[in-house]
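# Residue-level structural notes
One letter stands for each residue in the lines below.
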Amino acid sequence: MSKKIATSFFLFSIFLAIFSSGACKSDYIQNECLKVPIADFVGSLQSVLGIIRDVTSTISNFGNFFGDFRLRNAVNDCLDLLDSSSDQLSWSMSASQNPKGKHNSTGDLGSDLKTWLSAAFVNQGTCTEGFEGTNGILKALVGGGLNQITSQIQELLSTVDSKPNSVAKNGKNDDFPSWVKQEDRKLLVVKGMTPDVVVAADGTGNFTKIMDAVLAAPDYSMRRYIIYVKKGVYNEYVELKKKKWNLMMFGDGMGITVISGNRNYIDGWTTFRTATFAVSGRGFIAQDITFENTAGPAKHQAVALRSDSDLSVFYRCEFRGYQDTLYTHTMRQFYRECRISGTVDFIFGDATAVFQNCQIRVRKGLPNQKNTITAHGRKDMNQPTGYSIQFSNISADIDLLPYVNSTYSYLGRPWKNYSRTVVMQSYLSNVIRPEGWLEWNGNLYLDSLYYGEYSNFGPGAGLGKRVKWPGYHVFNSSYEANNFTVSQFIDGNLWLPSTGVKYTAGFGV
């Protein structure tokens, strides 16, 4: 594993001479995005990378001595997560030293550094959480190293000064980042897409399994690689590893092209590993596909899709499950005209994600179970992460309709201490309780969380009986809500035009 990390660092040192015209200027002494000299910033990154190599070696050496199924899954999770942290820190190092290089990213150096460091900060916590339900020996063995990594990355986060993001253009998709090749510009704006390969369960394509098509895709591709998945139900587990950049996958429509699995926590999988579909490679686009986990409410955590893909887009996709349906683990993500359904914390993670024009459906869960739509996991106030739900419809799914009046459903609850979620310009049906939001455990995190509502409507949008927590906010003007628009929150104007997916940069007409 140490060799793998060293190889990753070498590759990214080549590829990650970052950005075309960053918002921050740099030389080898000082960088406007940093509150410390570049030499200190880079030195700290190198120190953390060394600790990651040591912890990785320990886990690799001891992991095979344990026969417990859940523990083996937790070990594999940790190895993958530490490898991802290594990459994200390497990107940050290259970017801080070479902000005028060309690369697949936004061009806003401050935002990129915040995003990547935040993701690296999250990974060790996810690794630790995977040990829950095991004998705890390995967790105790590597816990100190994991905490040291997390602590040092937290310090690095505090040294990055993000600059104001791009100005809203109300969804005019005229500009492309400089890294988008001319042939890609033509490809991405036309309606008819020519796939590189076709997956068909009936044998009429290049592959019958989606995972085979993914493995055949090029690594670190700087052009869009397109996989068309024909109609059918694909019972398989698909994972797009971190090397699979700029991959697009489209199907024949929600409920027509379906990727289905049933892994779950009760059967011994970690939450991270329950995902039917998992994507880490940056620049991923999915369109017209259903991702589902059919484990059911009694199986607890059961993820349909997990994403760590930076600058990823999900357009006209469906995510169907019960508890923990959509795991937005880390990075910047955009969801447009999607359908998301579940019961407990069914949109969760620590990504910076915007959900626009989506159908969010609360399902019938276990008897006397409270439903929560979101559970955002921000743990540090310097993280740029959070959820913004805009122009969406939040209602009961068909199975819950007869039980709406006897079921308690909420917009969200604070999974971690700086949990952040804003719902604006959306329809809220009577499925949402008058209180709107649910505590996690008593008064825990109610002072430090950040929840907001702006200009919502519908029977569940009344503010008169909302929670009175210090961290809950009602925005009275668009000025207050502006930070949670596509252009501001995920730097949408800097990268969404290249995807060809329509979006609204600000508040609409």
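Residues numbered from 1 in each chain as written. Predicted model: local features only at pLDDT ≥ 70, side-chain atom pairs only at ≥ 80, totals over all residues. Heavy atoms only, no water.

We now examine the state of the cysteines. Summed over the entire model, instances satisfying the criterion amount to one disulfide. Residue Cys358 stays outside any disulfide, its sulfur separated by 4.7 Å from that of Cys338, the closest cysteine. Under the relative-accessibility criterion, Cys358 is labelled buried at 0%. (Disulfide = S-S within 2.5 Å. Buried < 20%, exposed > 50% of the residue type's maximum accessible area, 1.4 Å probe, protein only.)

On to the sheet that holds strand E12 (residues 318–320), then. What the eight strands build is an open sheet, ordered E3-E6-E9-E12-E15-E18-E21-E24; its pairing is parallel. The outermost strands of the open sheet, each flanked by one partner alone, are strand E3 (232–235) and strand E24 (427–428). When E3 meets strand E6 (residues 257–261), the two strands line up parallel, connected through four bridges. When the bridges of E6 are listed, Asn235 appears paired with Ser260. (Pairing = 2+ DSSP bridges. Helix = DSSP H or I, 4+ residues; strand = E, 2+ residues; numbered from the N terminus.)

A separate point is the pattern of salt bridges. Per the counting criterion, the structure on display carries 25 salt bridges. Notably, a salt bridge pairs Lys242 with Asp87, separated by 2.7 Å at the nearest N-O pair. With Lys242 in the loop between strand E4 (238–240) and strand E5 (247–250) and Asp87 in helix H3 (residues 69–97), the pair connects residues that are 155 residues apart, well separated along the chain. Accessibility classification places Lys242 together with Asp87 in one group, the buried group. Where Arg332 meets Asp310, a salt bridge forms, and the shortest distance between an N and an O atom there is 2.8 Å. (Salt bridge = Lys/Arg side-chain N within 4 Å of Asp/Glu carboxyl O.)

With that settled, consider the sheet that holds E4. Across the sheet, which stays open at both edges, the seven strands sit in the order E4-E7-E10-E13-E16-E19-E22 with parallel pairing between neighbours. Edge positions in the sheet fall to E4 and strand E22 (409–412), since each of these pairs with one other strand and no more. This sheet shows a mean twist of 10° between the axes of neighbouring strands, independent of strand direction. In terms of strand pairing, E4 meets strand E7 (residues 277–279) through three bridges, oriented parallel. Each bridged residue has a counterpart across the sheet, and for Glu239 the counterpart in E7 is Ala278. (Axes fitted to C-alpha atoms, helices over the stretch in contact; angles between N-to-C directions.)

Further remarks concern the nonpolar core. Looking at soluble globular proteins, one finds that nonpolar side chains tend to be buried together. Counting 57 residues, the largest nonpolar core has Ile227, Met249, Phe277, Phe319 and Phe355 as the members making the most contacts within it. It is helix H7 (residues 210–216) that provides the largest number of residues to this core, a total of four residues. Core analysis: the next-biggest nonpolar cluster, separate from the first, contains 50 residues, Val42, Phe121, Tyr327 and Ala375 among them. (Core = buried A, V, L, I, M, F, W, Y, C linked by side-chain atoms within 4.5 Å.)

Remark: helix H4 (residues 109–130) packs on helix H5 (residues 137–158), axes separated minimally by 9 Å, with the N-to-C direction vectors making an angle of 160°. With respect to H5, the element H4 is oriented roughly antiparallel. Where H4 crosses over H5, the handedness of that crossing is left-handed. Residue-level inspection shows Lys114, Leu117, Ser118, Ala120, Phe121, Gln124, Cys127 and Thr128 of H4 in contact with H5, the latter providing Lys139, Leu146, Ile149, Thr150, Ile153, Gln154, Leu156 and Leu157. Taken together, the residues of the contact of H4 with H5 sort by class into nine nonpolar, five polar and two charged. (Parallel < 35°, antiparallel > 145°, perpendicular 65-115°, else oblique. Left-handed = near helix turned anticlockwise from the far one by under 90°. Contact = heavy atoms within 4.5 Å. Nonpolar A, V, L, I, M, F, W, Y, C, P; charged D, E, K, R; others polar.)

Once that is clear, we can look at the packing of H3 against H4. Orientation of H3 relative to H4, taken along the N-to-C sense of each, is 160°, at an axis distance of 9 Å. Relative to H4, the element H3 is oriented roughly antiparallel. Seen from above, H3 lies across H4 with left-handed handedness. Along its contact with H3, which presents Ala74, Cys78, Leu81, Leu82, Ser84, Ser85, Gln88, Leu89, Trp91, Ser92 and Ala95, the element H4 presents Leu109, Leu113, Trp116, Leu117, Ala119, Ala120, Asn123, Gln124, Thr126, Cys127 and Gly130. Looking at the contact of H3 with H4, its residues break down into 14 nonpolar, eight polar and no charged.

The next point concerns the environment of Met93. Here Met93 lies in helix H3. Separated by 52 residues in sequence, Met93 and Phe41 have C-alpha atoms that sit 8.0 Å apart.

So, on to the pairing of E5. Consecutive residues of a regular strand have side chains that alternate between opposite faces of the sheet. Residues Leu247 and Met249 line one face of E5 and the alternating positions Met248 and Phe250 line the opposite face, and both faces are buried. Relative to E5, strand E2 (residues 225–229) runs parallel, the two sharing four bridges. The residue of E5 that forms the bridge with Ile227 is Met249. Relative to strand E8 (residues 285–287), E5 runs parallel, the two sharing three bridges. Bridging from a neighbouring strand, Met249 pairs with Ala286 of E8.

Our focus in this paragraph is the pairing of strand E16 (residues 344–349). For E16, a buried count of six out of six residues is recorded, marking the element as mostly surrounded by other parts of the structure. Two strands pair when backbone bridges link them, and strand E13 (residues 326–328) and E16 are joined in this way by three bridges, in the parallel orientation. Directly across from Leu326, in E16, lies its bridge partner Ile347.

Residue position: Val422 is located in strand E23 (residues 420–424). Remark: the alpha-carbon pair of Val422 and Tyr472, spanning 50 residues in sequence, is separated by 9.7 Å.

This brings us to H4. Taking 1.5 Å of rise per residue, the 22 residues of H4 would be expected to cover 32 Å, and the 32 Å separating its terminal C-alpha atoms lies within 8% of that figure. Counting buried residues along H4, 20 of its 22 residues qualify, which places the element largely inside the surrounding structure. With a side-chain oxygen lying 3.3 Å from the backbone nitrogen of Gly110, the N-terminal cap of H4 falls on Asp108. (Expected span 1.5 Å × (residues − 1). Polar contact = N/O pair within 3.5 Å; in protein donor to acceptor, adjacent residues only side chain to side chain.)

What follows deals with unusual backbone geometry. Here the phi dihedral of Leu311 falls at roughly 60°; this positive angle occurs in a residue that is not glycine. Checked against the element boundaries, Leu311 lands in the loop between strand E10 (305–307) and strand E11 (312–315). The phi dihedral of Arg316 is positive, around 55°, even though this residue is not glycine. On the basis of relative accessible area, Arg316 is assigned to the partly exposed category, the value being 29%.

The next point concerns the confidence of the model for the chain. Within the chain, residue pLDDT values average 89, and 86% of them lie at 70 or more. Across residues 5–22 the pLDDT falls below 50, and counting only partners more than four positions away or on other chains, this stretch makes 61 contacts in the model. Ignoring residues within four places in sequence, the model shows residues 164–190, a span with pLDDT below 50, making 62 contacts including any to other chains. (pLDDT = per-residue confidence, 0-100.)

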